Amino acid sequence: MFLIASLYFGRLLAAILPRRKIGFGSRFWFELNPGEFNIKEHVAVVLAASTGGTNNLGDYVLAPLQVFYNQPMNGWLALLFMISAVFIGFSFASFARVFLVENPHTMFPLTLQQAAVFKAMRSSLGNESTTAKKQMSFFWWCILGFFCWQFLPEFLGSGLGGSGLLNITLDWSNIGSQCIYYPYWAQINIFAAAMIGAWILVPIGFFTGAWDSDKYPIQTQTLYLRNGSKYPTGSLMTADYQLNLTLFDEIGPPMMSAQLRWAYFFAYVAYIGSFVSCALFQGPMIYKTYVEQRKDKQTYNDKLTQLIRQYPPVPLWWNVALFIIPLAILTVLTAKGVLYMPIYMLFIGIAIGACIVVPMGYIYAVSGYQMQVGYFNELFYGYAIEAGGSRHPIGSLSYRVISGQCWYEAQSMLADMKLGHYFHIPPRAVLFAQMWGIFIGVPVNYATILWVCNTKGDVLTGKVTDPNHQWTGQTVISLYNQSISFALVGPKRLFNDPIYAPMLYGFLIGAIVPFILYGLHRLRPKWRFDLWNIAIFADKFENFYGNISNDFFTLFILGSINHLYFKRYRYDFWKKYAYLFGAGADTGYNFNLLIIFIAFSAVKTITMPNWWGNNAESVERCFYVPSQ
């Protein structure tokens, strides 16, 4: 939406602003109206908005602190914490630029979709481009169509959970434009993982009673006692933030649903698998790039990179400063106990965050699929904290933010840098646009977190249920329970239980399978075993929760139609309209979501009406039939 609004607002300013210099001296000035609002300015504005609009993982700490512990962090300290974690990731992205942005083989699929919309919009402004005008007409109709349609599933009812067995969803919030921009090999990996997990492994665990899974709901983030009752997480922590050993010896470790246990297992497979796969398949390319950079040689010399090299690069000391200053702030916050974790974990978290940027960033760059790192981070923190320090659950969440935010922010920044690369925007201009977005976006993110915690607190704690099912509290509840399991109880105690011990074999599988695939690829290159990506395959299991089980069957069907029919047999049509369809659908959905939020939830909750399609007992008309 911002991409569209910024074009017309920019053109309006170009028409009405006076041509005047603002500033002083011969160096410190700028043109208030330099002329036509060109495409580079348009992209730079969107880069700033994209950076500012990226979700900040600071809510992982701030929301649980306020909702579950009634200890909200000081506002200024919260802002410093959020901004610093973002800039650490930003500096990592700058150092990884040569490996992932300048590399012509890393296309960043979602960025390609954005570039297609930019190109069509700008071309449609010229009188000579009939094709572009048709493209934009198609784009506008997609926005209008999906905006109108989305009222039906979003407000009148849609699927919420279940195993998604042959489930067809018409709710774009469950599908998204990944069916367009994900490469087909990535979609096959995702569908295979979701199918095996949702249709085979999780039901087997639930219906056979394996790991006592029949005592708990098939899909839930909640923790339970062995008898199936809710786990008393609130009573497990003493006044000095230590584990209540007396109560723990009485009730034992928390029990998880079948889905959640499989999620942890495959998260460990995915984490190690991403490193090993990258080392085997992309290692030679990365090492060559590194060596040539050390020799001041140019690894890539494609046309786009040649154009970018005409502009002055970002000085090294800028990137160093973007790392050192935030690190100093985080060090002070940790030393003062604001983040509830020992200071040595801060430096370990940042080091691990730096290590994952290139291998996991490469996966994102070629597939568009974002790897998750949270489950490994909390496991690692749980073991490392045995060396000493407070076991306050918030400490593990702070560690996840610092180590995870580095990766997520770096991935987002790299995608934006690639967009700037596509449109030949000077690297320094991209840097300033992104920094501007950070300084504007972080306070807005923080204000949003406060608003949600203050107005939806009872929903987040599970005391009440949102009648419109827009606020489930799933993420916050999940974070709270995970921090109890891996920080307060700790994996050492958790994995002493035979039920949890098999989870750790995920690391072994993640290390072995890439070698098998690599050997098969070398033996039979035409069979493309290099596209059987264990990291994406396993990571999909980790993401199998909540309403996500409603997407994968429909996503695969639409993706197959897109890639096997339109892209293969109607390529000219696909090239002109596919990305515009995905972007238009996403824009229409997001605009619809904004209107529904403002109209039905922001000020006064207007309960979703009951009709045949969303029975009062079950909004998705999926009724549980008792066995007796």
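Every value quoted in this text rests on a predicted model; they were computed, and no experiment measured them. (Residues numbered from 1 in each chain as written. Predicted model: local features only at pLDDT ≥ 70, side-chain atom pairs only at ≥ 80, totals over all residues. Heavy atoms only, no water.)

Caption draft 1: Local environment of the pairing of strand β2 (residues 28–31). Sheet analysis places strand β1 (residues 21–24) next to β2, joined by four bridges and oriented antiparallel. Pairing of Gly23 across the sheet is with Trp29, part of β2. What sits between the antiparallel neighbours β1 and β2 is a turn of three residues, in which Gly25 has the positive phi angle 75 degrees. (Pairing = 2+ DSSP bridges. Helix = DSSP H or I, 4+ residues; strand = E, 2+ residues; numbered from the N terminus.)

Caption draft 2: Summary view of unusual backbone geometry. Of note, the phi angle at Phe108 is positive, near 55 degrees, even though the residue is not glycine. As for its position among the elements, Phe108 is in the loop between α4 (75–100) and α5 (109–123). With a phi close to 55 degrees, Arg528 is a non-glycine residue in the positive phi region. Positionally, Arg528 belongs in the loop between α21 (505–523) and α22 (534–542).

Caption draft 3: Layout of the UniProt feature "transmembrane region" (unreviewed entry) in the protein. Those residues carrying the UniProt feature "transmembrane region" (unreviewed entry) are residues 76–100, 138–156, 190–211, 262–282, 316–335, 342–365, 499–520 and 577–603 in this numbering. Taken end to end, residues 316–335 has its terminal C-alpha atoms 29 Å apart, with 100% of it in helix and 0% in strand. (UniProt positions renumbered as here; feature names shortened; annotations may be inferred.)

Caption draft 4: Quick look at the packing of helix α15 (residues 374–384) against helix α19 (residues 474–489). Close contact between α15 and α19 brings their axes to 8 Å; oriented N to C, the two are set at 35 degrees. Here Tyr375, Glu378, Leu379, Tyr381 and Gly382 of α15 lie close against α19, whose contacting residues are Gln482, Phe486 and Ala487. (Axes fitted to C-alpha atoms, helices over the stretch in contact; angles between N-to-C directions. Contact = heavy atoms within 4.5 Å.)

Caption draft 5: Looking closely at helix α1 (residues 2–16). The end-to-end C-alpha distance of α1, which contains 15 residues, comes to 21 Å, matching closely the 21 Å that a straight helix rising 1.5 Å per residue would cover. Of the residues making up α1, those classed as buried are Leu3, Ile4, Ser6, Leu7 and Gly10. (Expected span 1.5 Å × (residues − 1). Buried < 20%, exposed > 50% of the residue type's maximum accessible area, 1.4 Å probe, protein only.)

Caption draft 6: Structural detail: the packing of helix α2 (residues 39–53) against helix α16 (residues 393–422). Two numbers describe how α2 lies on α16: the axes approach to 10 Å, and their chain directions differ by 175 degrees. The orientation of α2 with respect to α16, classified from their angle, is roughly antiparallel. Contact residues: α2 offers Val43, Leu47, Ser50 and Thr51, while α16 offers Glu409, Met413, Asp416, Leu419 and Gly420. Here the contact of α2 with α16 is built from residues that sort into four nonpolar, three polar and two charged. (Parallel < 35°, antiparallel > 145°, perpendicular 65-115°, else oblique. Nonpolar A, V, L, I, M, F, W, Y, C, P; charged D, E, K, R; others polar.)

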